[in-house]
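An overview of the molecular structure
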Amino acid sequence: MTATEVLSAVRAAVSVPADLRVAVLGVGLMGADHVARLHGRVSGARVAVVSDAATDRAGRVAAGVPGCRVVTDPLAAVADPEVDAVVIASPGRFHEEQVLACIDRGIPVLCEKPLTMDADSSLAVVRAEDAHAARTGRRLVQVGFMRRFDPEYAALRELIAAGGIGEPLVVHCAHRNPAVPAGVTTESIVNDSVVHEVDVARFLLDEEIAAVTVLRPRATRHAAQGLSDPLLVLLETVGGRMVDVECFVSTGLAYEVRTEVVGEDGSAMIGLHKGMVRQHTGPGGAVRSTAVAPGFRERFGLAYDLEVQRWVDAARRGTVDGPGVWDGYAAQAVCAAGVEALRTGRRTEVRMEQR
Ligand SMILES: NC(=O)c1ccc[n+]([C@@H]2O[C@H](COP(=O)([O-])OP(=O)(O)OC[C@H]3O[C@@H](n4cnc5c(N)ncnc54)[C@H](O)[C@@H]3O)[C@@H](O)[C@H]2O)c1
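The name recorded for the chain in an unreviewed UniProt entry is Inositol 2-dehydrogenase, from Geodermatophilus amargosae. Regarding the chain, the relevant UniProt record gives this comment under Function (unreviewed entry): "Involved in the oxidation of myo-inositol (MI) to 2-keto-myo-inositol (2KMI or 2-inosose)." As stated in UniProt under Catalytic activity (unreviewed entry), the record for the chain gives "myo-inositol + NAD(+) = scyllo-inosose + NADH + H(+)".

Written out as structure tokens, the structure reads:
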């Protein structure tokens, strides 16, 4: 090989597409947000294809992005030769086959949580990605645990890792939503809301969850019929640390997510909404107030942007650099134990395979 051939072979091997051509599968609430951020706020990528079971919705979203096509079949979108990487924001029950199709094709994917609908199928995805990584040295799947990219959570993890509060012992988490759509069940509160606290606990403490207990305090009168809201969830780690989670999804107020870590030599709290502090007239005289985010998109808007930018940067190198399949699997295994604990009222051990 001549020097020029060697140089061009090296360039080809590390070639970075000018702009990563992304297919977004599912353009409902999250998918349409991801399209807007890929199009308007993230660099190095463009939305080349959108796919949605509702083709009229896909058409409307595509119309807002120059050069974007609709491909009706999501698996055809994954196979499209003009697609370099995929964002999955379809309902969770479709994630497994869509993620596996991306692994089969060897292209990076950002999959919204959940990775799949249960721990066994998530483990199968872990094994499929492991096999790909063993052949190529590249991981392909990032799971959408966006809180890891929130600057406050990242700073809290760094503080703990640097020994800034000594050995962490206890974590207090509050997860409050103003309201949830009709159809939400107590089990889905565990699977869709508590799951974020599960990932936060694993991220901050850097260890697995060993057991889950779920308690049902007196329910708010604002909760839908039959819904246990709020829930108190206790997560025990393999190292004996404990994480309590108050998950309250019908507060009628705003979106509040707070986390406090208590260590041997201090404690640290995030989620206090340090925005503008106003003094104004209230019903009983002058009051001091700060705004509270109305929903998760406002509270974690920056985290989603940073999550997707980091994914794009890694995907242009043919890989991923964020929470992966193991984090998706662990979250599913803990939530499965949480659902069992909810049904039985008992402390339930988490069943997880070794990596
Ligand atoms: N990370 C987070 O904070 C966060 C927040 C909300 C939702 N989510 C996750 O994002 C995913 C989407 O949630 P959403 O709130 O946008 O739901 P949504 O119902 O608003 O949107 C889902 C879209 O997928 C489409 N769809 C249905 N079947 C499909 C298929 N087979 N292939 C492609 N598209 C299909 C639907 O027509 C709809 O437009 C879920 O997995 C959810 O758990 C994550």
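Next comes the rest of the description.
Turning next to the UniProt feature "domain: Gfo/Idh/MocA-like oxidoreductase C-terminal" (unreviewed entry) in the chain. Mapped onto the present numbering, the UniProt feature "domain: Gfo/Idh/MocA-like oxidoreductase C-terminal" (unreviewed entry) falls at residues 157–348. Here residues 157–348 runs as 33% helix and 29% strand, with 27 Å between its end C-alpha atoms.

Ranked by internal contacts, the top residues of the largest apolar core, which has 77 residues, are V86, V141, V212 and L235. Top element by residues in this core is helix α11 (residues 325–344). It accounts for 11 residues. Not counting the four nearest positions on each side in its chain, V86 is found in contact with A23, L25, V78, C102, I107, P108, V109, L110 and W311. By size, the runner-up hydrophobic cluster in this structure holds 23 residues, among which are A45, A58, V65 and V320.

Turning our attention to the sheet that holds strand β4 (residues 85–88). The strand order across the open sheet built from 6 strands is β3-β2-β1-β4-β5-β6, with neighbouring strands paired in parallel fashion. At either end of the open sheet lies a strand with only one pairing partner, and these are β3 (69–70) and β6 (141–143).

This part is about the UniProt feature "domain: Gfo/Idh/MocA-like oxidoreductase N-terminal" (unreviewed entry) in the chain. The UniProt record annotates "domain: Gfo/Idh/MocA-like oxidoreductase N-terminal" (unreviewed entry) at residues 20–132. Helix makes up 46% of residues 20–132 and strand makes up 19%, while its end C-alpha atoms are separated by 21 Å.

The domains assigned to the chain are domain 1 (3–146 + 317–322) and domain 2 (151–294). When each unit is reduced to the centre of its C-alpha atoms, the spacing between domain 1 and domain 2 is 30 Å.

So, about the sheet that holds strand β7 (residues 168–176). Judged by pairing direction, the sheet is mixed, and its 7 strands sit side by side in the order β12-β11-β7-β10-β9-β8-β15 without closing on themselves. Bordering the open sheet on either side are β12 (266–270) and β15 (348–349), each of which pairs with just one other strand. In the sheet, strand β11 (residues 256–263) pairs with β12 via 5 bridges, with the strands oriented antiparallel. By the bridge assignment for β12, T259 is matched with I270. Against the sheet, helix α8 (residues 186–205) touches β7, β8 (209–215), β9 (231–237), β10 (242–248) and β11, its axis set at about 35° to β9.

What follows concerns helix α10 (residues 301–315). In this model, α10 (15 residues) spans 21 Å end to end at C-alpha, consistent with the 21 Å of a helix rising 1.5 Å per residue. Among the residues of α10, G301, A303, Y304, D305, E307, V308, Q309, W311, V312, A314 and A315 are the ones counted as buried.

Here we come to the side chain of S121. Structurally, S121 can be placed in helix α6 (residues 119–136). A residue is classified by how much of its surface remains accessible, and S121, at 12% relative accessible area, is buried. Excluding residues that lie within four positions of it along the chain, S121 makes contacts with E96 and T116.

The subject of this paragraph is the pattern of salt bridges. The tally for this structure, following the rule as stated, stands at 29 salt bridges. We note a salt bridge from R139 to E129, for which the minimum N-O separation is 2.4 Å. Separated by 10 residues along the polypeptide, R139 in the loop between α6 and β6 and E129 in helix α6 bring together distant segments of the chain. E256 is the salt-bridge partner of R176, the closest N and O atoms lying 3.5 Å from each other. Separated by 80 residues along the polypeptide, R176 in strand β7 and E256 in strand β11 bring together distant segments of the chain. For the pair shown, R176 and E256 are each scored as buried. It is possible to trace a salt-bridge network through shared partners that takes in R148, D199, R202, E208 and D327.

Of note, D80 is situated in the loop between α4 (74–79) and β4. Excluding anything up to four places from it in sequence, D80 contacts V49, R69, V71 and R105.

Around the ligand there are 24 residues in total, and M30, D52, R57, E112 and Y304 lie nearest to it. Here an oxygen atom of the ligand and a backbone polar atom of G28 are 3.4 Å apart. A distance of 2.9 Å separates an oxygen atom of the ligand from a polar atom in the backbone of L29. For the ligand, the accessible surface in isolation is 850 Å², of which the surrounding protein chains cover 79%.

Now for α6. Relative to the 26 Å expected for 18 residues at 1.5 Å per residue, α6 spans 25 Å between its end C-alpha atoms, a close match to the ideal helical length. Among all positions of α6, only A119, S121, S122, L123, V125, V126, E129, D130, H132 and A133 are buried. The N-cap of α6, judged by a side-chain oxygen 3.3 Å from the amide nitrogen of D120 a few residues on, is D118. Within two residues after α6, G137 carries a phi angle of roughly 80°, on the positive side.

Turning our eyes to something else, we now look at the packing of helix α5 (residues 95–105) against α6. Packed helices, taken two at a time, are described by the angle their axes make and the gap between the axes. Two numbers describe how α5 lies on α6: the axes approach to 10 Å, and their chain directions differ by 5°. The angle between α5 and α6 falls in the class roughly parallel. Residues E96, V99, L100 and I103 of α5 touch α6, and the partners they reach there are S121, V125, A128, E129 and H132. Taken together, the residues of the contact of α5 with α6 sort by class into 5 nonpolar, 2 polar and 2 charged.

Rules used throughout
Within any chain, residue numbers begin from 1 and follow the written order of that chain's sequence. Local features in this predicted model are restricted to residues whose pLDDT is 70 or higher, and side-chain atom pairs enter the listing and the counts only when it is 80 or higher, whereas totals over whole chains, interfaces and linings include all residues. For the side-chain quantities, the full set of heavy atoms in the structure was used; hydrogens and water were omitted. UniProt positions are given in the numbering used here, feature names are shortened, and annotations may be inferred rather than shown by experiment. Secondary structure is summarised from DSSP: a helix means a run of H or I of at least four residues, a strand means a run of E of at least two, and numbering begins at the N terminus for each. In this description, a nonpolar core means a group of buried Ala, Val, Leu, Ile, Met, Phe, Trp, Tyr and Cys residues linked to one another through side-chain atoms lying within 4.5 Å. Only protein chains enter the accessibility calculation, which uses a 1.4 Å probe. A residue is then buried if its area is under 20% of the maximum for its type, exposed if over 50%, and partly exposed in between. In what follows, residue pairs with any heavy atoms lying within 4.5 Å of each other are defined as contacts. Note: two strands are recorded as paired if DSSP finds a minimum of 2 bridges between them. An automatic or database domain assignment supplies the start and end points of every domain. Note on definitions: angles span 0 to 180 degrees between N-to-C directions of axes, and those axes are lines fitted to C-alpha atoms, for helices only across the stretch in contact. Multiplying one less than the number of residues by 1.5 Å gives the expected span of a helix. A pairing counts as a salt bridge when a side-chain nitrogen of Lys or Arg comes within 4 Å of a carboxyl oxygen of Asp or Glu. Near residues are defined by distance, with any heavy atom within 4 Å of the molecule or strand qualifying the residue. N or O atoms closer than or at 3.5 Å make up a polar contact, with two conditions inside protein: a donor-capable atom paired with an acceptor-capable one, and, for residues adjacent in sequence, both atoms drawn from side chains. A 1.4 Å probe and the Shrake-Rupley method give the accessible areas. Residues count as covered only by the protein chains that appear here. Each angle gets one of four labels, with under 35 degrees taken as roughly parallel, over 145 as roughly antiparallel, 65 to 115 as roughly perpendicular, and the rest as oblique. As a working rule, the residues Ala, Val, Leu, Ile, Met, Phe, Trp, Tyr, Cys and Pro are called nonpolar, Asp, Glu, Lys and Arg charged, and the rest polar, with Gly in that last group.

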